Amino acid sequence: MKKQIQKKVEKSMEFKKYYLSEFQLHDGEVFITFNIVAIDTSKNEITVAISNRGRISVATYDLLTDSNGFLYFEYGIDYEKININDFEGVK
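The shown structure was predicted, so the numbers you read here are calculated from the model rather than taken from an experiment. (Residues numbered from 1 in each chain as written. Predicted model: local features only at pLDDT ≥ 70, side-chain atom pairs only at ≥ 80, totals over all residues. Heavy atoms only, no water.)

This part is about the pattern of salt bridges. Here the structure, examined in full by the defined rule, presents three salt bridges. Put simply, D66 and K81 hold a salt bridge, and the shortest N to O gap is 3.4 Å. Here D66 is found in the loop between β5 (64-65) and β6 (71-75), whereas its partner K81 is found in strand β7 (residues 80-83), with 15 residues between them in sequence. Classification of D66 as buried rests on a relative accessible area of 15%. Each of D27, E29 and R53 takes part in salt bridges that share partners, so that together they form one network. (Salt bridge = Lys/Arg side-chain N within 4 Å of Asp/Glu carboxyl O. Helix = DSSP H or I, 4+ residues; strand = E, 2+ residues; numbered from the N terminus. Buried < 20%, exposed > 50% of the residue type's maximum accessible area, 1.4 Å probe, protein only.)

Looking now at the confidence of the model for the chain. Per-chain confidence: the chain averages 83 in pLDDT, with 80% of residues scoring 70 or above. Ranking the helices and strands of the chain by mean pLDDT puts strand β4 (residues 55-62) first, with 96, and helix α1 (residues 2-14) last, with 44. Across residues 1-13, confidence stays below pLDDT 50; counting only partners more than four residues off in sequence or on other chains, it has two contacts. (pLDDT = per-residue confidence, 0-100. Contact = heavy atoms within 4.5 Å.)

Inspection of every chain in the model, using the stated rule, returns seven aromatic pairs. When the ring of Y61 is compared with that of F73, the centres are 5.2 Å apart and the planes differ by 20 degrees; the resulting orientation is stacked. Pair noted here: Y61 is in strand β4 and F73 is in strand β6, with a separation of 12 residues, a long-range link. Summarising the burial analysis for this pair, Y61 and F73 share the class buried. Taken together through their ring pairs, the aromatic side chains of F23, F34, Y61, F73, Y75 and F87 make up a single cluster. Across from the ring centre of Y72, 4.7 Å away, lies the NZ or CZ of K81, which sits over that ring. (Phe/Tyr/Trp six-rings, centres within 6.5 Å; stacked < 30°, edge-to-face > 60°. Lys NZ or Arg CZ within 6 Å of the ring centre and 35° of its normal.)

Set out below in structure tokens:
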């Protein structure tokens, strides 16, 4: 049990560097801004704050892995692939 808890803590610390990191997606008209709020590897979920046309919402998406082992989630009706490695720290 102790080893499982330690591994979970190590895994969550690995993603701590992404907290509040930002990514902007241009949808053809405006930029949509995403900020990472949480990554839950035990549930394979990512929670992001989304700023879209003056509205801010918080949503949770399934965290997926591509063929190269990179983590991403899909957004919108076109299932736009957003790689978490594309997020940058806020300055």
